[in-house]
Amino acid sequence: MSTSKKDIRALTKEQLRNFFVSQGDKAFRGNQVYEWLWQKSAHSFEEMTNISKETRQMLEDHFVINHIRVDTMQRSSDGTIKNAVKLHDGLVVESVLIPTATRTTACVSSQVGCSLDCRFCATARLKRMRNLNPDEIYDQVVAIDNESRLYHNRPLSNIVFMGMGEPLMNYNNVLKAIDKITSDEGLGMSPKRIVVSTSGVPKMIKKIADDGVKFKLAVSLHSAIDEVRTSIMPFNETFPLADLREALEYWYAKTKNRITYEYVVWKGINDQRKDVDALVQFCKFAPSKVNLIEYNPIDDGEFQQADSRAIDMYQKILEANNITVTIRRSRGKDIDAACGQLANKS
């Protein structure tokens, strides 16, 4: 029977209302169910206590709720939490809660595996198995919000799409998830507290600018020299820096939102003065900030964190050129929850 049952969270509120009318019930029953599914994150029809037993059975006969399950949860010595999340078809993705003194951030996944081929990232080695549905993305956020309240006594404050997958390669579902997360009928979070991080898909960056999205954009850059970037992120051959830059100029012209560049400095790869100079030039066409991220090894030793002198050089030269720069220390390294490590051990 379950193969013919429809995923109820794929329905809009209007479709749910129409379903109840078609069953000879009142349309408002659809509103009640919708609230249970999204605001109250019900895992089963049994939980919908203000609906009659017969109606719950009827829903059971027609629909499933493909809810995620936190399969294993690991807590780091620094308070970071990593969830291995089992999906309804048995596949697993990972999401992370990152706490600081003032906020808690959810780092969520958008694909099982990844569409791209960055050589320094554990997730890229999995290859893309499928896109996540909007409700599967939403559920990761709800799970982390619950953990934030339980372990840190405060609700989730920020969301970054920096987990497994390239969010812009699953754009429609990511957008639907963000709509639900920011809706008063969902979690009611501000879109300004959401960052979507992309490795740089030019035509999709233009599309999100055209769509007038309210979330923030971050770009995993790691080098502003084409040959270097292609050596660590081979898809750069298809989407070279000139195309990326043009798309980002378009984004800024449309949105007037500052661009954040995520940037890891590796020993012997991008730790020279020429690398910094190229980055400065790349940053100049639109207001931007650079997050220098500590590298987290993924076991094979090919990539190694640059020494502190290289990081200092980046910081000094960027600041001398009036470019905001932040050095991001990694969190959750002891549980493989840090940047680039997701799916490392599973």
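Keep in mind that this is a model prediction, so the values were computed, not measured.

K.L.:
It is not clear to me how the overall build of the protein chain should be interpreted in this structure. Could you clarify?
P.N.:
Helix and strand content of the protein chain: ten helices and 14 strands. At 22 Å, the protein chain has a C-alpha radius of gyration in line with the 20 Å of a compact globule built from 346 residues. Taken along the three principal axes of its C-alpha coordinates, the protein chain extends 70 × 40 × 35 Å. Counting across all 346 residues of the protein chain, residues that qualify as buried make up 53%. Taking all contacts inside the protein chain whose residues are at least 6 apart in sequence as the whole, residues at least 24 apart take part in 65%. Surface accessibility of the protein chain: about 15,600 Å² in total, with carbon and sulfur atoms responsible for 48%.

K.L.:
Even after reading the chapter, I still don't get the sheet that holds strand E14 (residues 324–328), so can you show me in this structure?
P.N.:
Pairing between sheet strands relies on hydrogen bonds along the backbone, with the strands arranged either parallel or antiparallel. Read from one edge to the other, the open sheet built from ten strands follows the order E3-E4-E5-E6-E9-E10-E11-E12-E13-E14, with strand pairing classed as mixed. Two strands bound the open sheet, and with one partner strand each, they are strand E3 (69–75) and E14. Ignoring which end each strand starts from, the neighbouring axes of this sheet average 20 degrees apart. As paired elements, strand E6 (residues 104–107) and strand E9 (residues 158–161) share three bridges and run parallel to each other. Within E9, the residue paired with Cys 107 across the bridge is Val 160. Lying over the sheet, helix H10 (residues 308–320) contacts strand E12 (259–264), strand E13 (288–293) and E14, oriented at roughly 160 degrees with respect to E14.

K.L.:
Help me out: how do you make sense of the domain arrangement of the protein chain in this one?
P.N.:
One widely used convention gives an interface's size as the accessible area the parts lose upon coming together. Domains assigned within the protein chain are domain 1 (6–64) and domain 2 (69–335). The gap between the C-alpha centroids of domain 1 and domain 2 is 35 Å. On the side of domain 2, eight residues touch domain 1, which itself brings seven residues to the contact. Roughly 810 Å² is buried in total at the junction of domain 1 and domain 2, and carbon and sulfur atoms are behind 45% of that figure. Looking at the side of domain 1 facing domain 2, the largest losses of area belong to Arg 9, Trp 38 and Gln 39, adding up to 61% of the total buried there. Linking Lys 13 and Glu 185 is a salt bridge whose minimum nitrogen-to-oxygen distance equals 2.4 Å. Counting every contact that joins domain 1 to domain 2 gives six residue pairs in polar contact (both at pLDDT 80 or more). Across the side of domain 1 that touches domain 2, the residue classes break down as two nonpolar, two polar and three charged.

K.L.:
Please clarify how unusual backbone geometry should be interpreted in this entry.
P.N.:
Backbone geometry places Asn 153, a non-glycine residue, at a positive phi of 55 degrees. On the secondary structure map, Asn 153 appears in the loop between helix H4 (134–152) and E9.

K.L.:
Which parts of the structure should I look at to understand the UniProt feature "binding site: [4Fe-4S] cluster" (unreviewed entry) in the protein chain?
P.N.:
Under the UniProt annotation, the feature "binding site: [4Fe-4S] cluster" (unreviewed entry) is placed at Cys 114, Cys 118 and Cys 121. Among the structural elements, Cys 114 can be located in the loop between strand E7 (111–112) and strand E8 (130–131). A residue is classified by how much of its surface remains accessible, and Cys 114, at 12% relative accessible area, is buried. Locating Cys 118 in the fold gives a position in the loop between E7 and E8.

K.L.:
Looking at this structure, how should I read the packing of aromatic side chains?
P.N.:
Between two aromatic rings, the relevant description is the distance of the centres plus the angle of the planes. Summed over the entire model, instances satisfying the criterion amount to eleven aromatic pairs. With centroids separated by 6.3 Å and ring planes inclined at 55 degrees, the aromatic side chains of Tyr 295 and Phe 303 adopt a geometry described as tilted. The class for Phe 303 is buried, based on a relative accessible area of 4%. Here the aromatic residues Phe 19, Phe 20 and Phe 63 are joined through ring pairs into a cluster of three or more. The lysine or arginine in question, Lys 40, covers the ring of Trp 36, its NZ or CZ lying 4.2 Å from the ring centre. A cation over an aromatic ring shows up here: Lys 180 above the ring of Trp 38, its NZ or CZ 4.8 Å from the ring centre.

K.L.:
It is not clear to me how helix H8 (residues 241–255) should be interpreted in this structure. Could you clarify?
P.N.:
One turn of the α-helix equals 3.6 residues, which is why residues spaced by three or four share an orientation. Its 15 residues give H8 an end-to-end C-alpha distance of 20 Å, which sits within 8% of 21 Å, the value for a rise of 1.5 Å per residue. Residues of H8 that are buried: Leu 241, Leu 244, Ala 247, Leu 248, Trp 251 and Thr 255. Taken down its axis, H8 places every buried residue within 125 degrees of arc, on the same side. Exposed side chains of H8 directed beyond 90 degrees from the buried face belong to Ala 242 and Ala 253. Phi turns positive, to about 60 degrees, at Lys 256, one or two residues after H8.

K.L.:
Hey, could you run me through the pattern of salt bridges in this one?
P.N.:
Should the charged atoms of two oppositely charged side chains come close, the side chains can pair. According to the stated counting rule, one finds 18 salt bridges in the structure shown. Among the salt bridges present, the one from Lys 40 reaches Glu 35, with a minimum N-O distance of 3.5 Å. On the basis of relative accessibility, which here comes to 40%, the residue Lys 40 falls in the partly exposed class. Among the residues examined, Glu 35 registers a relative accessible area of 34% and is labelled partly exposed. As a salt-bridge pair, Arg 130 and Glu 136 come within 2.9 Å of each other at their nearest N and O atoms. With respect to burial, Arg 130 and Glu 136 carry one shared label: buried. Connected through salt bridges with shared partners, the residues Arg 9, Asp 135 and Asp 139 form a single ionic network.

Criteria and thresholds
Residues numbered from 1 in each chain as written. Predicted model: local features only at pLDDT ≥ 70, side-chain atom pairs only at ≥ 80, totals over all residues. Heavy atoms only, no water. Helix = DSSP H or I, 4+ residues; strand = E, 2+ residues; numbered from the N terminus. Rg over C-alpha atoms; globule rule 2.2 N^0.38 Å. Buried < 20%, exposed > 50% of the residue type's maximum accessible area, 1.4 Å probe, protein only. Contact = heavy atoms within 4.5 Å. Areas by Shrake-Rupley, 256 points an atom, 1.4 Å probe, with all protein chains shown as cover. Pairing = 2+ DSSP bridges. Axes fitted to C-alpha atoms, helices over the stretch in contact; angles between N-to-C directions. Domains from an automatic or database assignment. Buried area = accessible area lost by both parts, 1.4 Å probe. Salt bridge = Lys/Arg side-chain N within 4 Å of Asp/Glu carboxyl O. Polar contact = N/O pair within 3.5 Å; in protein donor to acceptor, adjacent residues only side chain to side chain. Nonpolar A, V, L, I, M, F, W, Y, C, P; charged D, E, K, R; others polar. UniProt positions renumbered as here; feature names shortened; annotations may be inferred. Phe/Tyr/Trp six-rings, centres within 6.5 Å; stacked < 30°, edge-to-face > 60°. Lys NZ or Arg CZ within 6 Å of the ring centre and 35° of its normal. Expected span 1.5 Å × (residues − 1). Arc of directions from axis to C-beta.

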